[in-house]
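Structural overview
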Amino acid sequence: MKELSGAEWNLMESLWEYSPKVGSQIVTDMAARTGWSRSTTLTMLRRMTEKGLIACEDSGQMKTYAPLIEREEAARKETESFLNRVYNGSISLLVSGFVERQKLTEQEIAELRQLLEKAEGDRDA
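Residues numbered from 1 in each chain as written. Predicted model: local features only at pLDDT ≥ 70, side-chain atom pairs only at ≥ 80, totals over all residues. Heavy atoms only, no water.

Okay, a nonpolar patch on the surface next. A surface patch of nonpolar side chains, amounting to about 410 Å² of accessible area, comprises Ile91, Val95, Val99, Leu112 and Leu115. Elements that contribute at least two residues to the nonpolar patch include exactly α5 (91-101) and α6 (106-124). For the nonpolar patch, the leading source of residues is α5, giving three residues. Topologically, Leu112 is positioned in helix α6. Judged by its relative accessible area of 31%, Leu112 falls in the partly exposed class. (Patch = residues over 30% accessible without salt bridge, like charges linked within 9 Å, V, L, I, M, F, W, Y side chains within 5 Å. Areas by Shrake-Rupley, 256 points an atom, 1.4 Å probe, with all protein chains shown as cover. Salt bridge = Lys/Arg side-chain N within 4 Å of Asp/Glu carboxyl O. Helix = DSSP H or I, 4+ residues; strand = E, 2+ residues; numbered from the N terminus. Buried < 20%, exposed > 50% of the residue type's maximum accessible area, 1.4 Å probe, protein only.)

Take Ala75: it is sitting in helix α4 (residues 71-87). When the C-alpha positions of Ala75 and Ser39 are compared, they lie 27 Å apart, and in sequence the two are 36 residues distant.

So, about the sheet that holds strand β2 (residues 54-58). What the three strands build is an open sheet, ordered β1-β3-β2; its pairing is antiparallel. Looking along the sheet, the strands with just one partner apiece sit at the ends: β1 (21-22) and β2. Alignment of β1 against strand β3 (residues 63-67), held across two bridges, turns out to be antiparallel. Bridging from a neighbouring strand, Val22 pairs with Thr64 of β3. (Pairing = 2+ DSSP bridges.)

Further remarks concern helix α3 (residues 38-50). For α3, with 13 residues, the first-to-last C-alpha span of 18 Å sits near the 18 Å given by 1.5 Å per residue. Elements that come into contact with the buried residues of α3 comprise α1 (6-17), α2 (23-34), β2 and β3. One or two positions beyond α3, positive phi appears at Gly52, with a value near 80°. (Expected span 1.5 Å × (residues − 1). Contact = heavy atoms within 4.5 Å.)

Moving on to the packing of α1 against α2. α2 packs onto α1 with a crossing angle of 125° between their chain directions and a minimal axis gap of 10 Å. Regarding the angle of α1 to α2, the classification is oblique. Relative to α2, α1 is oriented so that their crossing is right-handed. Along the contact surface, α1 presents Asn10, Leu11, Glu13, Ser14, Leu15 and Glu17, while α2 presents Ile26, Asp29, Met30, Arg33 and Thr34. Here the residues of the contact of α1 with α2 are counted per class, giving four nonpolar, three polar and four charged. (Axes fitted to C-alpha atoms, helices over the stretch in contact; angles between N-to-C directions. Parallel < 35°, antiparallel > 145°, perpendicular 65-115°, else oblique. Left-handed = near helix turned anticlockwise from the far one by under 90°. Nonpolar A, V, L, I, M, F, W, Y, C, P; charged D, E, K, R; others polar.)

With that out of the way, let us pick up the nonpolar core. Counting 17 residues, the largest nonpolar core has Leu4 and Leu11 as its most contacted members. At the level of elements, α1, α2 and α3 are the ones that each hand at least two residues to this core. Sort the elements by how many residues they give to this core and α1 lands first, with five residues. In this structure Leu11 touches Ile26, Met30, Trp36, Thr41, Met44, Leu45 and Met48, once residues within four positions along its chain are discounted. (Core = buried A, V, L, I, M, F, W, Y, C linked by side-chain atoms within 4.5 Å.)

Among the secondary structure elements, Glu8 is positioned in helix α1. Apart from residues lying up to four places away in sequence, Glu8 is in contact with Glu3, Met44, Met48, Lys51 and Leu53.

This is a description of form; function is not addressed.
Printed below as a string of structure tokens:
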């Protein structure tokens, strides 16, 4: 799967919320979310169908759309790309960058500890 553009993310968020959706529902949703016109939304739907990101079922009277990728898969791909592009693949640089610039709550620190303990346990297994 290729990375999603910002526009593709917007449309996928609409479909991830619930699907399948008919084209008119997506047009209304995207107008509210982004201000897109009907033609812009329909063009995006066509392109994303051609790219294999969404499925389109044409019943003759209306087209119904559904995502072909899960949100978690897209988020994982985006995270990997960001990590490689910005932090040269280093998770520790990413975390230290956030920790140095933001004050973490006790809960966030506890959650980070749990994640590290889990990673350590998974590594030893």
